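# Tertiary structure, described
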Amino acid sequence: MGRYDKSIAVHEEACRVLSGGVSSNFRYHAMPVPLCYERGEGAYLWDVDGNRYIDYVLGNGPAILGHSPQPVLDAVRASLDIGQAFTAIHPGELALAKRLTELLPCAEQVRFDVTGTQADHIALRLARAHTGRDRVIKFEGQYHGWADNILASVTPPLNEAGPRATPATVPQSRGMPETATGEVIVQPFNDAETLNSTVAREPEAIAAIIMEPIACNTGVIEPADGYLQSVRELCDRHGIVLIFDEVITGFRAAPGGAQQRYGVTPDLGVFAKAAAAGFPISIIAGRRDIMEGMTDGVVHGGTYNGLTSTVAACAATVEELVRGNGALLAETEQRGARLIDGLNALATQHGKPLHAQGIGTIFTTVFTETPPLTDYRDYKSSDEVMRLKFVEELQHRGVRTTARGTWFMSTVLSDEDIARTLEAADGALAAI
Ligand SMILES: Cc1ncc(COP(=O)(O)O)c(C=O)c1O
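Computed from a predicted structure; not experimentally measured. (Residues numbered from 1 in each chain as written. Predicted model: local features only at pLDDT ≥ 70, side-chain atom pairs only at ≥ 80, totals over all residues. Heavy atoms only, no water.)

## Re the overall build of the protein
Which entries qualify depends on this criterion: Only DSSP runs of H or I reaching four residues or more are called helices, and only runs of E reaching two or more are called strands; each is numbered from the N terminus. Throughout, exposure labels follow a simple rule: accessible area from a 1.4 Å probe, protein chains only, divided by the maximum for the residue type, with under 20% read as buried, over 50% as exposed, and the rest as partly exposed. Only heavy atoms matter for contacts: two residues are in contact if any of them lie within 4.5 Å across the pair. Shrake-Rupley sampling with a 1.4 Å probe provides the accessible areas, and residues are treated as covered by the protein chains on show and by no other component. When charges are counted, Lys and Arg contribute as positive and Asp and Glu as negative, whereas His and the chain ends are disregarded. Each charge is placed at NZ for Lys, CZ for Arg, CG for Asp and CD for Glu.
When helices and strands are counted, the protein shows 12 helices and 14 strands. Taken across its 432 residues, the protein has 55% of its residues classed as buried. In the protein, the proportion of contacts linking residues at least 24 apart, taken out of those at least 6 apart, comes to 70%. Surface exposure of the protein reaches about 18,000 Å², of which carbon and sulfur atoms provide 51%. Charge-centre separation for the protein: the mean point of 37 positive side chains lies 2 Å from the mean point of 53 negative side chains.

Set out below in structure tokens:
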């Protein structure tokens, strides 16, 4: 019997009834097929073949408290008895909105939605309404959901991407209208000078700069010292709305997100994923004058916004993460930093160009002769074949990471899990 026989059988059957055998394109990239998991508990997942994995994917970020965290399940269970969808405000929703305005630096007001894509969508609409301008700047290699008007240059092939300082806007999907990304200007991350001159060319046309403050979708790349401050100043100078897409960094880079970690407050912030430990909720937070656009002609809808269950999940998750001044996150970050150091030490030991970088609660592993990564081009020039082989060898040894090289840490990982992970990485590096 092969290690993945049952998963392979499920995949073959699934491909007949579920397009591509998965429910999101970002689940294709798994070896030998997208594995079928039947259970998750704490730091671990079990596939249908009975293999156990230390999980560093966590549903692409949400399961920050591990799988099936008790306090969140208890809160959700309690919510099931009071009804689910009222299409009206409920007391839990008010309480959570108040709590978030205390916790998130940019949040004078909030709105709830369901997904990061939708929250980014309304953030861009609010920015355009507020400024009366249409153009939007995004950064190469960053992802803000799969809506037509922002789905560009997430993973553009280098032969289509144009020069490093003046990247082309490359649509990321077939089926988008040709004009969909016509208002999107793509910029290199971590390059304040280029951004300044791009904005200087047409400051009156630019509604928003939208950015992942830590680039987490292609590598995990921290902003250079002073970079976020310089973007903030640029936006202030020209009346541009600064949007931090904290779908990944929210409640992970710090309890108040990357904006708290780096001390730079955007005009609007978008949060999701870790906000509710695996339940679907997203949060748009920001300046009152911009948020109030939604009372003055800016349409934001959503049948499933602010359900009792998702609000309960979010409230319980947030309390776990902020307790003791964010003690759980701080501890997880230290453990993650030890894992990063351990991986880099193994790389040296094996003489392999493996490089781990990021912050302790989220980091990346790539194969590059010229570390560190500072922007998308660095990531894209790293050795993809080796990265995927490493991911596969880790999987064979019971460690699950994302194919793009990102590792999400959960707060329930133990020192023993980290030691086991390093053992697996040692074996994986020897095997590739
Ligand atoms: C930074 C960022 N923004 C937005 C999104 C879209 O969120 P969702 O998948 O919930 O629509 C993602 C998803 O991975 C993301 O990483």
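Structure shown, so let's carry the discussion forward.
## Remarks on the layout of surface pockets
To keep it simple, the criterion reads: The way it works is a 1 Å grid over only the protein atoms, where trapped points that fit a 1.4 Å probe form a cavity and open points with protein on both sides within 12 Å along at least five of seven lines form a pocket, and then any residue with an atom within 4 Å of a point lines it. Grid points are joined across faces, edges and corners, and a volume is the space filled by probe spheres set on the points. Any residue that is not Ala, Val, Leu, Ile, Met, Phe, Trp, Tyr, Cys, Pro, Asp, Glu, Lys or Arg is counted as polar, Gly included; the first ten are nonpolar and the last four charged.
In this structure, the second largest pocket encloses a volume near 520 Å³. The wall of the second largest pocket is formed by 27 residues, among which I89, E93, V110, R111 and F112 lie closest to the centre. For the lining of the second largest pocket, the secondary-structure elements that each account for two or more residues are α3 (91-103) and β4 (109-113). Here the element with the most residues in the lining of the second largest pocket is α3; it accounts for 5 residues. Of the residues contributing to the lining of the second largest pocket, the split by class is 11 nonpolar, 12 polar and 4 charged.

## Observations concerning the sheet that holds β4
We apply this condition: In this scheme, strands are said to pair when DSSP sees at least two bridges between them. Axis definition: a line fitted to C-alpha atoms, limited for helices to the stretch in contact. Angles are taken between N-to-C directions and run from 0 to 180 degrees.
Across the sheet, 7 strands lie side by side as β4-β10-β9-β8-β7-β5-β6; this open sheet has mixed pairing. Strands with a single pairing partner mark the edges of an open sheet, and in this sheet they are β4 and β6 (184-187). Across the sheet, the axes of successive neighbouring strands diverge by a mean angle of 20°, strand direction being ignored. Where strand β8 (residues 241-246) and strand β9 (residues 268-271) come together, 4 bridges link them in parallel fashion. If you follow D245 over to β9, its bridge partner there is V270. The strands that α3 touches are β4 and β10 (282-286); relative to β4, the one it contacts most, it runs at about 130°.

## Here's the deal with the environment of Y4
Basically, it comes down to this: Whenever two N or O atoms come within 3.5 Å, that pair is a polar contact, provided that in protein one can donate a hydrogen and the other can accept it, and provided that, for residues adjacent in sequence, both atoms are side-chain atoms.
Relative to the assigned elements, Y4 resides in the segment before α1 (5-17). The class for Y4 is buried, based on a relative accessible area of 7%. Setting aside residues no more than four positions away along its own chain, Y4 makes contact with P32, L35, D47, D49, N51, Y53, Q395 and H396. For Y4, the side chain forms a polar contact with the side chain of Q395, separated by 3.2 Å. Reaching out from Y4, the side chain makes a polar contact with the side chain of H396 at a distance of 2.8 Å.

## Observations regarding the sheet that holds strand β3 (residues 52-55)
In spatial order, the strands read β1-β2-β3-β13; together these 4 strands make up an open sheet with mixed pairing. Each end of this open sheet is capped by a strand with a single partner; those strands are β1 (37-41) and β13 (399-400). Examined bridge by bridge, β1 and strand β2 (residues 44-47) share 4 bridges and lie antiparallel to one another. Counterpart to E41 in the pairing with β2 is Y44. Most of the contacts of helix α12 (residues 415-431) go to β3, to which it runs at about 105°, and overall it touches β2, β3 and β13.

## Describing the packing of helix α5 (residues 192-201) against helix α6 (residues 227-238)
For clarity, the cut-off: Here roughly perpendicular refers to angles of 65 to 115 degrees, roughly parallel to angles under 35, roughly antiparallel to angles over 145, and oblique to all remaining angles.
Close contact between α5 and α6 brings their axes to 10 Å; oriented N to C, the two are set at 10°. Our classification of the angle between α5 and α6 gives roughly parallel. The segment α5 lies against α6, with A192, L195, N196 and V199 engaging Y227, S230, V231, L234, R237 and H238. Tallied by class, residues from the contact of α5 with α6 come to 6 nonpolar, 3 polar and 1 charged.

## Comments concerning the pattern of salt bridges
Close approach of charged atoms lets side chains of opposite charge pair. The criterion, for reference: We count a salt bridge whenever a side-chain nitrogen from Lys or Arg sits within 4 Å of a carboxyl oxygen from Asp or Glu.
Per the stated rule, a full pass over the model turns up 23 salt bridges. The salt bridge involving R135 is made with E202; its shortest N-O contact spans 2.8 Å. Of this pair, R135 sits in strand β5 (residues 135-139) while E202 sits in the loop between α5 and β7 (206-211), placing them 67 residues apart in sequence. On the basis of relative accessibility, which here comes to 22%, the residue R135 falls in the partly exposed class. Across the pair E393 and R397 runs a salt bridge, and its minimum N-O distance is 2.7 Å. With a relative accessible area of 10%, E393 lands in the buried category. On the basis of relative accessible area, R397 is assigned to the partly exposed category, the value being 35%. Connected through salt bridges with shared partners, the residues R232, D236, D267, R287 and D289 form a single ionic network.

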